[in-house]
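Tertiary structure, described
Each chain is listed here by its residues.
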Amino acid sequence: MAGATANEREILVDLAVRQSPPLLHRPQEMASLPLPEELLTGIFLRLPDPADLARASAACVSFRRHIADRSFLRQYRKLHAPPLLGFIEVKGEFHRASPPYPSASAASAVALAADFTFSFLPAPARQWLVLDIRDGRVLLYRSYFDIADSAFKLKEILVCDPLHRQYLLLPPIPDEVFTSVEKWHTFLVHHGGGGDEEAAEETAFRVIWMACLGDKLVAFVFSSTTGQWQAGPSHSGWIESFGALSRSQYAYGCFYWVTDCREKLLLLDTRRMEFSTIDAPPETKLDDVNVAIVEAGEGRLGMFVLPCGSDLSYIIRRNNVGSSGQWQLEKTISLGYDTYWYCFVGSMRGHLFLEHMGDFFLLDVKTFKLLTVSASEHTFLWPRAYSNFPPSLLSSPTVASGVEEGIKKEMLEQGCAVNSSAEAPQSE
């Protein structure tokens, strides 16, 4: 369902409030006829800003009950992506979005409510390092120093929800594979299980661990539903060393890497759990180049390429069928005279994230406008984008574990919901 403009949001909220039942003992003739449940749901689902939803829920008890229904909240979360709230460094420091970025007030609420120092994790918390972030979840690991091999080795992996202070410690990776590799790559995946229990799916996730075993790339998949690792897909060819793969990029349910030969992109389809390769555009073959994959819309794959000291190029893959789809240059964007200091820090759907000497930016593939997310005086180590709904009815826990805060968590969320209605973030 399409989102609404600012004026349309005001009309929708006003319409919903006008149709609310009497709050006090006002004359019955002053109350309008109530809206059907289906129409009311349609109005609320059109509100793109969680703050608008919070204001509507405060209009009356029946609206609050309707919006707080878990089935409605699941529908809303599926239709509206959570806003970008900031970036988290590898050691856990959170750099929140700042004004005038639209979600700055929501980011401030999350910064107060969440624990990005990860003090709720098994001690000592400072040993945990961030590997990946997705759907409000953070994947972390800690290592130990093996004196015999004079190298740091993986000790433990866990997935946590810093907003609700919950975590799940993953079981060890099977020894027969884990002990025979030195370099590995681990990342979070949407669950995509398609089960009947929708509420359970909201806290379900997968983790994929990849490594080179001889001349073959192998993967193991952890499911939070089963609590176990299982052998996943494997791939041979086009990969001489695992360390030569670029940082993973995600779009349309698939992960992408630029291979060491720079002639191919390695693709992992997480729905089919299959590896494959597609041809890379010529622009990726340049030395010292930043590459980011984005969703270009209508199922098309987009790619941003930033060679050192050059302009930013946006390329679209016109034919997504097979391995030889046609790449076409869509637009060239100038970033100014100091292009050397720009670098990609990830992407999400149709947005590219860039960092420039401590400042973070967002570039939208539809408008090609460069928005400042936050500014700082120092650079950061391996920052990753963090998106989530601010503390409210919409901020459902994303990890199911025994680490609960019960009543304290509920009181915190309700308090933040009241504050967010008073200082509402603007829609992205």
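For the structure itself, consult the block above.
Within any chain, residue numbers begin from 1 and follow the written order of that chain's sequence. Residue-level local features of this predicted model are given only where pLDDT is at least 70; pairs of side-chain atoms are given and counted only at 80 or more, and the full residue set underlies all totals for whole chains, interfaces and linings. As a rule here, side-chain values cover all heavy atoms of the structure and leave hydrogens and water aside.

**Description of the overall build of the protein chain**
Counting from the N terminus, the helices are the DSSP runs of H or I reaching at least four residues and the strands are the DSSP runs of E reaching at least two. Per the secondary structure count, the protein chain includes nine helices and 23 strands. Taking all 428 residues of the protein chain together, the buried fraction comes to 50%. For this analysis, residues touch if any pair of their heavy atoms sits within 4.5 Å. Of the contacts formed within the protein chain by residues at least 6 apart in sequence, a portion of 51% connects residues at least 24 apart. In this scheme, a residue with accessible area under 20% of its type's maximum is buried, one over 50% is exposed, and one in between is partly exposed, where area comes from a 1.4 Å probe on protein chains only.

**Overview of the pattern of salt bridges**
Each reported salt bridge corresponds to a side-chain nitrogen of Lys or Arg within 4 Å of a carboxyl oxygen of Asp or Glu. Inspection of the entire model under this criterion finds eight salt bridges. Across the pair R318 and E330 runs a salt bridge whose closest N-O atoms are separated by 2.7 Å. One end of the pair, R318, is in the loop between β17 (312-317) and β18 (327-333); the other, E330, is in strand β18, with 12 residues separating them in the sequence. One salt-bridge network, in which partners are shared between bridges, spans D132, R134 and R384.

**A word on the side chain of R206**
Mapped onto the secondary structure, R206 falls in strand β8 (residues 205-213). Within this scheme the basic residues Lys and Arg register as positive and the acidic residues Asp and Glu register as negative, but His and the chain ends are omitted. Buried and without a salt bridge, R206 has D269 as its closest oppositely charged side chain, separated by 7.8 Å. A polar side-chain atom of R206 sits 3.2 Å from the main-chain carbonyl oxygen of T270. Any N or O atom pair separated by 3.5 Å or less is treated as a polar contact, with the protein-specific requirement of one donor-capable and one acceptor-capable atom, and with residues adjacent in sequence counted only for side-chain atom pairs.

**Thoughts on helix α4 (residues 61-68)**
The α-helix advances 3.6 residues per turn, and as a result positions three or four apart in sequence lie on the same side. When we look at burial in α4, the residues that qualify are F63, H66 and I67. End-on, the buried residues of α4 take up no more than an arc of 90°, which puts them together on one face. Those residues of α4 that are exposed and aimed more than 90 degrees away from the buried face are V61 and R65. It is the directions from the helix axis to the C-beta atoms that the arc portrays.

**Points about the pairing of strand β9 (residues 216-223)**
β9 sits mainly inside the fold: seven of its eight residues count as buried. Where β8 lies against β9, eight bridges are found, and the strand directions are antiparallel. Bridge pairing links W209 to F220 in β9. Relative to strand β10 (residues 228-236), β9 runs antiparallel, the two being bridged by seven bridges. Paired with V221 across the bridge in β10 is Q230. Following DSSP output, two strands are said to pair if at least two bridges run between them. Between the antiparallel neighbours β9 and β10 lie four residues, among them G227 with a positive phi of about 75°.

**Details of unusual backbone geometry**
With an omega of 10°, the peptide bond running from P99 to P100 counts as cis. As for its position among the elements, P100 is in the loop between β2 (94-96) and α6 (104-113). Residue P124 is reached from A123 by a cis peptide bond, and omega for that bond is -5°. Among the structural elements, P124 can be located in the loop between α6 and β3 (129-134). Positive phi values are uncommon outside glycine, yet F118 reaches one of about 60°. With respect to the helices, strands and loops of the structure, F118 is situated in the loop between α6 and β3.

**Overview of the sheet that holds strand β19 (residues 342-348)**
Strand order across the open sheet formed by four strands is β19-β20-β21-β22, with antiparallel pairing between neighbours. Each edge of the open sheet carries a strand with a single partner, namely β19 and β22 (370-374). When the angles between neighbouring strand axes are averaged without regard to direction, this sheet yields 30°. With six bridges connecting them, strand β20 (residues 351-356) and strand β21 (residues 359-364) associate as antiparallel partners. Bridge pairing in β21 links H351 to D364. For helices, the fitted axis covers only the stretch in contact; all axes are lines through C-alpha atoms, and the angles between them, taken along N-to-C directions, range from 0 to 180 degrees.

**Observations concerning the sheet that holds strand β23 (residues 384-387)**
With respect to topology, three strands assemble into an open sheet ordered β2-β1-β23, the strand pairing being antiparallel. Whereas interior strands pair on both sides, the edge strands pair on one side only; in this sheet they are β2 and β23. Each strand of the sheet is rotated relative to its neighbour by a mean of 35°, with strand direction disregarded. As paired elements, strand β1 (residues 84-88) and β2 share three bridges and run antiparallel to each other. In the strand pairing of β2, I88 is matched with F94. Against the sheet, α6 touches β1, β2 and β23, its axis set at about 150° to β2.

**Some points on the nonpolar core**
What we call a nonpolar core is a set of buried Ala, Val, Leu, Ile, Met, Phe, Trp, Tyr and Cys residues that are connected through their side-chain atoms within 4.5 Å. Counting 32 residues, the largest nonpolar core has L140 and Y386 as its most contacted members. The set of elements that each furnish at least two residues to this core consists of β1, α6, β3, β4 (137-146), β5 (151-161), β21 and β23. Among all residues touching L140, those that are not within four sequence positions of it are F118, L121, W128, L129, V130, L131, E156, I157, L158 and C160.

**Structural notes on the environment of L312**
Structurally, L312 is set in strand β17. You can call L312 buried: its relative accessible area is 0%. In sequence terms L312 and I333 are 21 residues apart; their C-alpha atoms lie 5.0 Å from each other. Residue contacts for L312: discarding those within four places in its chain leaves F304, V305, L306, K331, T332, I333, L335, F344, L352 and L363.

**Side note on the packing of aromatic side chains**
Stacked, edge-to-face and tilted are the three classes for Phe, Tyr and Trp ring pairs, Trp counted by its six-membered ring, which pair at centre distances within 6.5 Å; planes under 30 degrees apart are stacked, over 60 edge-to-face, the rest tilted. All chains considered together, the criterion is met by 19 aromatic pairs. Relative to F360, the ring of F87 lies with its centre 4.2 Å away and its plane at 15°, an arrangement referred to as stacked. Linking F87 in strand β1 with F360 in strand β21, this pair joins segments that are 273 residues apart in sequence. Here F87 and F360 have matching classes, each one buried. Where Y141 meets W184, the ring centres are 5.6 Å apart and the plane angle is 85°; that geometry is what we call edge-to-face. Taken as a pair, Y141 in strand β4 and W184 in strand β7 (residues 184-190) lie far apart in primary sequence, 43 residues in all. A relative accessible area of 22% means that W184 is categorised as partly exposed. Ring pairs connect the aromatic residues F44, F63, F72 and Y76, which therefore count as one cluster. Lysine NZ or arginine CZ positioned within 6 Å of the ring centre and within 35 degrees of the ring normal marks a charge as sitting over the ring. Across from the ring centre of Y250, 4.9 Å away, lies the NZ or CZ of R134, which sits over that ring. The ring of F368 has K331 sitting right over it, with the charged end atom 5.5 Å from the ring centre.

Just geometry here; none of it tells us what the structure is for.
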